[in-house]
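Commentary on secondary and tertiary structure
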Amino acid sequence: MFVCSCFGVTEEQVRSHAEAGACTPRQIASACKAGTDCGGCVRRIQALLGRGACPRRQLADQGGQPLAAEVPEAA
């Protein structure tokens, strides 16, 4: 099912980016542009991210490196 019709991003793609470490809608947007045009899909992305575990967030909760240090922002 499509999450972002503006850029043709599917739920599977969002899940794949989340498994690769993207834990926020902004990080998903950096990975695939979803949520950067009309913004209508941002809540759906938030819902998808909220359903799964985020390995990097779990690491941070356990005293690992801060999340900001782990993911470089797109230029």
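Refer to the structure presented above.
Along each chain, the written sequence defines residue order, and numbers are assigned to residues from 1. Note on the predicted model: pLDDT of at least 70 is required for a residue's local features to be given, and 80 or more for side-chain atom pairs to be given and counted; whole-chain, interface and lining totals, by contrast, use all residues. Note that the side-chain values use all heavy atoms of the structure and ignore hydrogens as well as water.

A look at the environment of M1
Strands here are runs of E lasting at least two residues and helices are runs of H or I lasting at least four, both read from the DSSP assignment and numbered beginning at the N terminus. For M1, the position within the fold is in the segment before strand 1 (2–4). Summary of the burial criterion: residues with accessible area below 20% of their type's maximum are buried, those above 50% are exposed, and those between are partly exposed, where the area comes from a 1.4 Å probe applied to protein chains only. Residue class for M1 comes out exposed when judged on its relative accessible area of 72%. Sequence separation of M1 and E11 is 10 residues, and the distance between their C-alpha atoms is 5.9 Å. Any two residues whose heavy atoms approach within 4.5 Å are treated as being in contact. Contacts of M1, omitting those with residues within four sequence positions, involve T10 and E11.

Describing the side chain of E11
Inspection of the secondary structure assignment puts E11 in helix 1 (residues 11–19). Judged by its relative accessible area of 12%, E11 is buried. With residues near it in sequence (within four places) discarded, E11 still touches M1, V3, R44 and L48.

Description of the environment of C23
When you line up the elements, C23 lands in the loop between helix 1 and helix 2 (25–32). Judged by its relative accessible area of 6%, C23 falls in the buried class. Linking C23 and Q46, residues 23 residues apart in sequence, is a C-alpha distance of 9.2 Å.

Overview of unusual backbone geometry
Leaving glycine out, the prevailing phi sign among residues is negative, and the prevailing peptide bond configuration is trans. The backbone of K33 shows a phi angle near 75 degrees, a positive value even though the residue is not glycine. Note on placement: K33 falls in the loop between helix 2 and helix 3 (42–51).

Some remarks on the pattern of salt bridges
Every case where a carboxyl oxygen of Asp or Glu lies within 4 Å of a side-chain nitrogen of Lys or Arg is listed as a salt bridge. Enumeration over the complete set of coordinates arrives at two salt bridges. In this structure, E11 engages R15 in a salt bridge whose closest nitrogen and oxygen atoms are separated by 3.1 Å. Of the two residues, E11 and R15 are both situated in helix 1; the distance of four residues between them amounts to about one turn of the helix. Where E11 meets R44, a salt bridge forms, and the shortest distance between an N and an O atom there is 2.3 Å. Of this pair, E11 sits in helix 1 while R44 sits in helix 3; the two residues are 33 residues apart in sequence, bridging distant segments of the chain. Sharing partners across several salt bridges, the network here consists of E11, R15 and R44.

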